[in-house]
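Overview (structure and organization)
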Amino acid sequence: MQKGNLIIISSPSGGGKGTLIREIMPSLPDLGYSISHTTRKPRFGEEHGREYYFVSREQFDESIAKGRFLEYAEVHGNMYGTSREQIEDITSSGRDAILEIDVQGALAVMEKVPTAVSIFILPPSFEVLRARLTARNTEDANDLATRLRNSFTEVQNYSRFDYVIVNEEVPVASRNLASVICGERQRRDRQMARIESIIESFAGANHSTIAI
Ligand code: 5GP
């Protein structure tokens with residue numbers, strides 16, 4: 001079976017990547033969401049094993065030492081890491097793995113896995129980002145300021161990504177995101193196992209049975 005793709009989706013905090021991923025997951029088959037590990041405390045409504053695996057700093061450090069992370073980074077003061085095992089489980093079953101990670105993590109995965117598809121979600125302006133992050137109301141004033149300050153350098157990295165999707169209207173941006181993922185699945189080099197068996201069926205067919 002052909003392995004699934006690694007799809008990296010990144011944006012500044014509040015850029016809307018989580019919303020877009022939630023929009024496309026139900027309608028796109030064969031996608032698997034990589035659930036990261038984090039030392040951040042759960043927000044109201046978040047569940048261990050659904051949004052994240054919430055772990056202690058000691059547990060996180062042990063996973064680093066055991067080489068369990070494909071990448072990990074400190075983001076806005078907390079640690080976040082992507083599990084190698086989960087990615088392997090998803091992609092070896094033929095599904096595409098969605099990695100919703102920050103820009104540093106995205107760049108690290110691009111280095112390690114050059115075939116990964118990288119997508120940057122760009123808010124339509126700084127003011128819109130600020131308004132969305134403020135309206136989300138999930139961070140205290142300090143954390144909100146950190147996230148907004150970090151966004152200045154994060155957006156500068158757009159040029160390292162294969163695709164940039166401007167998230168102005170969710171229905172449009174989510175359609176564009178789904179198109180990129182579907183488009184990548186049609187690349188010749190990503191379907192060689194299937195294509196070769198189709199081509200073989202032509203080579204093995206008995207040409208003399210074809211009526212003129
Ligand atoms: P939040 O605390 O808002 O859930 O996430 C903060 C940032 O960390 C977001 O940009 C999110 O995409 C990123 N993030 C989540 N999981 C990972 C991960 O496994 N690795 C890295 N590098 N960043 C992550």
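Residues numbered from 1 in each chain as written. Predicted model: local features only at pLDDT ≥ 70, side-chain atom pairs only at ≥ 80, totals over all residues. Heavy atoms only, no water.

Here we look at the packing of aromatic side chains
For any pair of aromatic rings, geometry is given as the distance between the ring centres together with the angle between the planes. Inspection of the entire model under this criterion finds 7 aromatic pairs. A ring pair is formed by Tyr52 and Phe54, whose centres lie 5.7 Å apart and whose planes are at 65 degrees; its orientation type is edge-to-face. Accessibility expressed as a relative area gives 14% for Phe54, which makes it buried. Through pairs of rings, three or more aromatic residues link up here, namely Tyr52, Phe54 and Tyr80. (Phe/Tyr/Trp six-rings, centres within 6.5 Å; stacked < 30°, edge-to-face > 60°. Buried < 20%, exposed > 50% of the residue type's maximum accessible area, 1.4 Å probe, protein only.)

Description of the sheet that holds strand S9 (residues 163–166)
Two orientations exist for strands paired in a sheet by backbone hydrogen bonds: parallel and antiparallel. Here 5 strands make up an open sheet; going across it, the order is S2-S7-S1-S8-S9 and the pairing parallel. Each edge of the open sheet is held by one strand with a lone partner, namely strand S2 (31–33) and S9. Pairwise comparison of adjacent strand axes, ignoring direction, gives a mean angle of 25 degrees for this sheet. Pairing geometry for S2 and strand S7 (residues 96–100), over 3 bridges, is parallel. In the sheet register, Gly32 faces S7, and the bridge partner there is Ala97. Helix H1 (residues 17–24) contacts strand S1 (6–10), S2, S7 and strand S8 (117–122) of the sheet and is inclined by roughly 155 degrees relative to S7. Contacts from helix H7 (residues 170–185) reach S1, S2, S7, S8 and S9, with the element oriented near 160 degrees to S9. (Pairing = 2+ DSSP bridges. Helix = DSSP H or I, 4+ residues; strand = E, 2+ residues; numbered from the N terminus. Axes fitted to C-alpha atoms, helices over the stretch in contact; angles between N-to-C directions. Contact = heavy atoms within 4.5 Å.)

A word on the site of the ligand
Among the 17 residues in the neighbourhood of the ligand, the closest are listed as Ser36, Arg40, Tyr52, Glu71 and Tyr80. Within the side chain of Arg43, an N or O atom sits 2.8 Å from an oxygen atom of the ligand. For the ligand, the protein covers 95% of the area, taking 510 Å² as the surface of the free molecule. Counting only elements with at least two residues in the shell around the ligand, the list comes to strand S5 (69–75) and strand S6 (78–83). Considered class by class, the residues forming the shell around the ligand number 5 nonpolar, 5 polar and 7 charged. (Near = heavy atom within 4 Å. Polar contact = N/O pair within 3.5 Å; in protein donor to acceptor, adjacent residues only side chain to side chain. Areas by Shrake-Rupley, 256 points an atom, 1.4 Å probe, with all protein chains shown as cover. Nonpolar A, V, L, I, M, F, W, Y, C, P; charged D, E, K, R; others polar.)

Thoughts on the pattern of salt bridges
Charged atoms that come close allow side chains of opposite charge to pair. With the rule as written, the count across this model stands at 16 salt bridges. Across the pair Glu46 and Arg43 runs a salt bridge whose closest N-O atoms are separated by 3.7 Å. For Glu46, a relative accessible area of 17% translates into the label buried. Judged by its relative accessible area of 21%, Arg43 is partly exposed. Notably, a salt bridge pairs Glu184 with Arg187, separated by 3.8 Å at the nearest N-O pair. For Glu184, a relative accessible area of 5% gives the class buried. The network of salt bridges with common partners includes Arg40, Arg43, Glu46, Arg136, Glu139, Asp143 and Arg147. (Salt bridge = Lys/Arg side-chain N within 4 Å of Asp/Glu carboxyl O.)

With respect to the side chain of Glu71
The topology assignment puts Glu71 in strand S5. Here Glu71 sits buried without a salt bridge, and the closest side chain of opposite charge, Lys112, lies 7.5 Å off (N-O distance). At 2.5 Å, the side chain of Glu71 and the side chain of Thr82 are in polar contact. Beyond its immediate stretch of four places on either side in the chain, Glu71 contacts Tyr80, Gly81, Thr82, Ile101, Gly105, Ala108, Val109 and Lys112. (Lys, Arg positive; Asp, Glu negative; His and termini not counted.)

A short note on helix H4 (residues 103–112)
Those residues of H4 that sit buried are Val103, Gly105, Ala106, Leu107, Val109 and Met110. Packed against the buried residues of H4 are S1, S5, S7, S8 and helix H6 (141–156).

Re the packing of H1 against H7
Packed helices, taken two at a time, are described by the angle between their axes plus the distance between the axes. The N-to-C vectors of H1 and H7 enclose an angle of 70 degrees; their axes lie 9 Å apart at closest approach. The angle between the axes of H1 and H7 places the two elements in the roughly perpendicular class. The two elements H1 and H7 meet at a crossing, and its hand is right-handed. Contacts between H1 and H7 involve Thr19, Leu20, Ile21, Glu23 and Ile24 from the former and Val170, Ala173, Ser174, Leu177, Ala178 and Ile181 from the latter. Split into classes, the residues belonging to the contact of H1 with H7 amount to 8 nonpolar, 2 polar and 1 charged. (Parallel < 35°, antiparallel > 145°, perpendicular 65-115°, else oblique. Left-handed = near helix turned anticlockwise from the far one by under 90°.)

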